[in-house]
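Descriptive structure summary
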Amino acid sequence: LVMQELTGKRLELLKELVPRLGLVAALFPEAGASLPFIVQWVTENERAAKVLGLTLRPVAWKEPVDWNATFAAVKRDGVRALTLVESPVLSAWAPEIAAAALRHRLATVFGTRAPVEAGGLMAYGASIAELWRRAPAYVDKILRGTKPADLPIEQPTKFELVINAKTAKALGLTIPPVLRLQATEVIE
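Reference entry: report on the structure contained in this document. If you're wondering where the values come from, they're calculated on a predicted model, not measured in any experiment.

**Structural notes on the environment of T55**
- Within the secondary structure layout, T55 lies in strand β2 (residues 55-61).
- Here the alpha-carbon distance between T55 and W93, two residues 38 residues apart in the chain, equals 26 Å.
- Sequence-distant contacts of T55, that is, excluding residues within four places in its chain, are made with G22, L23 and V24.

Following this line, the structure appears as structure tokens:
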């Protein structure tokens, strides 16, 4: 349920920030295209896009990734914004992704703040800092003898919206006041 809510909320926020948004690309690694997580992520993005009146184009990136060529191709197809599957590897590429997206005037939405700090437009997702704060309680229970299989799976309870105002300005976008108020942080 969390994935469905998060993908929908990301696209909703993107639609609020990008006027007349119609076509959005959902990028994921070609090597993982058949993984259940990615199949579900694409499906949830398609469902959310339809509800929001957007068209979603799934796009698999190939290794090694040439972000500039990938973004140039989607831009030629009329894409104005991107959502990218969450991936630890993605954080390593954050500066390259942000620079290529800006070069091609593509709005981006991510699941974590690191790509936004590197120049991406926006992120909405679970607060990683809050998840790390809660982790020691789990470790403590395990060290005191609780079997990991007996511990409940917890859903994130704190979410953050981070917007890069510099990137918005470079893309010619005005951050609506309601988004500024909702944002956990606006990077100026």
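After that view, the rundown keeps rolling.
**Side note on the nonpolar core**
- Judged by nonpolar contacts, the single largest core of 55 residues is most densely connected at L14, L27, F71, L82, L84 and M122.
- Once residues lying within four places of it in the same chain are set aside, the contact partners of F71 are L27, L82, I97, A100, A101, H104 and L106.

**A closer look at unusual backbone geometry**
- The amide bond that connects E63 to the next residue, P64, takes the cis arrangement and shows omega of -10°.
- Of note, P64 is situated in the loop between β2 and α3 (67-76).
- The backbone of R20 sits at a positive phi, close to 55°, despite the residue not being glycine.
- Checked against the element boundaries, R20 lands in the loop between α1 (2-17) and β1 (23-29).
- In this structure, R105 takes a positive phi of about 55° despite not being glycine.
- Its location among the elements puts R105 in the loop between α5 (94-103) and β4 (107-110).

**A few points about the pattern of salt bridges**
- Tallying each qualifying case throughout the model produces 10 salt bridges.
- Where K62 meets E30, a salt bridge forms, and the shortest distance between an N and an O atom there is 3.9 Å. Here K62 is found in the loop between β2 and α3, whereas its partner E30 is found in the loop between β1 and α2 (36-52), with 32 residues between them in sequence.
- A relative accessible area of 40% places E30 in the partly exposed class.

How each quantity is defined
- Residues numbered from 1 in each chain as written.
- Predicted model: local features only at pLDDT ≥ 70, side-chain atom pairs only at ≥ 80, totals over all residues.
- Heavy atoms only, no water.
- Helix = DSSP H or I, 4+ residues; strand = E, 2+ residues; numbered from the N terminus.
- Contact = heavy atoms within 4.5 Å.
- Core = buried A, V, L, I, M, F, W, Y, C linked by side-chain atoms within 4.5 Å.
- Buried < 20%, exposed > 50% of the residue type's maximum accessible area, 1.4 Å probe, protein only.
- Salt bridge = Lys/Arg side-chain N within 4 Å of Asp/Glu carboxyl O.

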